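So the chains spell out like this:
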Amino acid sequence: MSRTTADRDEPNDPEADQPPPGDDHAFLGHPRGLATLSGLEVWERFSFLGMQAILVLYFADTVANGGLGMSPGTAASVSAAYGTMVYLVSVAGGWLADRILGSYRAVLYGGILIACGHYAMAVPTAVMTWVGLGLISAGTGLLKPNVASMVGRLYRTDDQRRDAGFALYYMAINIGAFAGPLITAWLGENEGWHWGFSAAAIGMTAGLIQYVLGRRHLAGRKHSAEFALAPDAMRTAVWRIVGGLLLVAVVATALVLAGWLTVGRFVDLLTLISVIAPIAYFVVMFRSPEVTPAERGRLRPYVVLFLASVAFNFILFQAYSTMMLLASTNARTEILGFHFPAGWYASALGAFEVALAPVVAALWARMGSRQPHASNKIAIGVILGGLSFLLMVIPTSGHADDTYEMAAWWIVGSYLLLGLGDVLLETSGMSATTKLAPKAYASQTMALWFLSLALANGIQAQVVKVYGQVSNPVYFGVNGAIAVAAGLVVIALAPWLKRTMHPVH
């Protein structure tokens with residue numbers, strides 16, 4: 001169908017923005033649209049996490065081997081800063097979907113930018129690496145908050161399949177997370193880093209194709225935005241956005257040429273923005289006249305969930321930075337005589353989440369209204385994340401120098417705990433976000449959840465600078481203990497959270 005035909009037909013489609021009928025059980029007992037959105041995320045995560053698994057190793061590798069020659073701490077910090085930028089842009093992505101593009105087009109355009117970014121990174125020059133990372137950041141900011149919101153629209157608020165649906169959606173995400181590093185890490189280690197980036201590009205292209213083909217099954221598929229600006233205001237907004245982007249590009253270029261905007265300062269700037277942005281966003285939503293008193297009351301417990309997400313994802317994202325560096329230098333890359341790239345450890349995390357997500361989904365579906373409250377699921381997830389780091393204290397202790405090699409099972413065990421925690425926290429967190437979101441800020445509140453990921457990365461970008469400067473037992477022990485403490489705080493607040501989070505159960 002051409003875009004012209006879609007524009008003409010879909011505004012007259014009364015079902016374009018409505019959840020599917022309650023008897024739509026075409027995809028494993030869930031709405032058919034869940035298959036389309038899950039398929040998109042399989043390939044998006046294949047490309048994103050496939051690239052992420054080798055990015056820090058590419059940064060830290062020598063120039064002679066095709067890398068950028070950074071120190072381990074700097075490589076981990078820059079990798080975390082890239083993650084910060086990805087999720088900061090999600091705020092703009094949510095706003096653009098709500099006010100200008102609509103969810104379907106926001107996700108489509110985001111996927112196109114991501115694919116172009118990966119193709120750029122396939123070009124073996126440092127300049128194209130930075131160009132590609134910029135395009136991927138912009139594209140992911142458009143895609144991630146809006147595709148998750150589209151999943152929420154497949155279910156009515158009181159549909160008890162909702163949490164199970166998000167668990168299946170998250171399982172699909174982790175199929176991509178499992179497969180991506182297997183391909184990109186093998187290509188990166190055996191053929192060159194940019195061959196790995198090429199595989200990520202092909203994966204995102206495949207995701208876009210199936211998304212367009214399955215669009216008719218999606219709620220929110222019409223082109224117009226749900227809370228679209230008036231025509232004059234929209235034209236003004238578009239011109240201001242374009243002008244602002246051009247101004248930022250000119251100023252940044254000038255600062256780089258003047259020698260002021262270094263990589264280190266850019267990392268620090270992103271961390272500062274990651275702290276300010278969620279604070280400002282919460283203030284705007286709490287004060288907005290478009291938010292009702294009841295919706296405002298549900299935002300208060302959401303602040304606690306937001307901070308819990310920060311604590312957990314600070315640990316989770318290090319699976320692709322400090323843990324990857326540790327695996328490349330101090331873990332065996334051989335099991336039963338089979339040698340594998342260090343980047344394959346990242347696939348273990350995805351594999352555990354693929355295996356655990358349907359188990360968790362089935363458990364919640366079986367328990368129905370008897371399942372734990374969402375806040376307790378999230379708290380347990382945070383505690384498991386902390387335990388995954390505390391486990392690493394054991395194999396990294398008692399060595400005279402840094403030349404030791406731990407058994408592969410230590411990192412695999414850490415990823416098992418982390419994977420279970422991720423399934424519990426992210427599925428419940430995303431589901432709760434779509435329920436607690438004020439109607440006027442639907443996609444943007446989903447973006448606010450991703451701002452917790454930006455803040456986690458922003459904090460990580462600073463903390464990982466000490467990796468290699470303090471002992472590994474101290475590094476993993478302190479960070480893990482903080483996460484466990486944060487989870488216990490959420491459990492202590494459970495009675496208040498249960499009272500204030502209605503209709504979340």
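What you see is a predicted model; the values in this text were computed from it and never measured.

K.L.:
Please clarify how the packing of aromatic side chains should be interpreted in this entry.
P.N.:
With the rule as written, the count across this model stands at 16 aromatic pairs. Taken together, Tyr58, Phe59, Trp130 and Phe197 form an aromatic cluster joined through their ring pairs.

K.L.:
What is the right way to read helix H8 (residues 231-257) from this model?
P.N.:
The periodicity of an α-helix, 3.6 residues per turn, causes residues three or four positions apart to be oriented the same way. Given a rise of 1.5 Å per residue, 27 residues ought to cover 39 Å, and the 39 Å separating the end C-alpha atoms of H8 matches this to within 8%. Remark: Gly259 follows H8 within two positions and exhibits a positive phi of approximately 85 degrees.

K.L.:
Explanation requested: the pattern of salt bridges in the structure shown.
P.N.:
Per the counting criterion, the structure on display carries two salt bridges. Note that Arg45 and Glu44 form a salt bridge whose closest N and O atoms lie 2.6 Å from each other. Here Arg45 falls in the buried class, since its relative accessible area comes to 5%.

K.L.:
Looking at this structure, how should I read the packing of helix H3 (residues 72-101) against H8?
P.N.:
When two helices pack together, their arrangement is captured by the angle between the axes and the distance separating the axes. Running from N to C, H3 and H8 cross one another at 145 degrees; their axes reach a closest spacing of 11 Å. On the side of H3, the interface is formed by Trp95, Leu96, Arg99 and Ile100, while H8 contributes Met234, Ala237, Val238 and Ile241. Across the contact of H3 with H8, the residue classes tally to seven nonpolar, no polar and one charged.

K.L.:
Is there a simple way to think about the environment of Arg105 in this case?
P.N.:
The residue Arg105 is located in helix H4 (residues 103-121) in this model. The sequence separation of Arg105 and Asn146 amounts to 41 residues, and the corresponding C-alpha distance is 9.7 Å.

K.L.:
What is the right way to read helix H5 (residues 126-152) from this model?
P.N.:
The terminal C-alpha atoms of H5, which comprises 27 residues, lie 39 Å apart, in line with the 39 Å expected from a rise of 1.5 Å per residue. By the largest-angle criterion, Thr140 marks the main kink of H5, which is about 30 degrees. Burial analysis of H5 places 19 of its 27 residues in the buried class, which makes it a mostly covered element.

Definitions and limits used
Residues numbered from 1 in each chain as written. Predicted model: local features only at pLDDT ≥ 70, side-chain atom pairs only at ≥ 80, totals over all residues. Heavy atoms only, no water. Phe/Tyr/Trp six-rings, centres within 6.5 Å; stacked < 30°, edge-to-face > 60°. Helix = DSSP H or I, 4+ residues; strand = E, 2+ residues; numbered from the N terminus. Expected span 1.5 Å × (residues − 1). Salt bridge = Lys/Arg side-chain N within 4 Å of Asp/Glu carboxyl O. Buried < 20%, exposed > 50% of the residue type's maximum accessible area, 1.4 Å probe, protein only. Axes fitted to C-alpha atoms, helices over the stretch in contact; angles between N-to-C directions. Contact = heavy atoms within 4.5 Å. Nonpolar A, V, L, I, M, F, W, Y, C, P; charged D, E, K, R; others polar. Bend = angle between axes of the 7 residues up to and from the residue.

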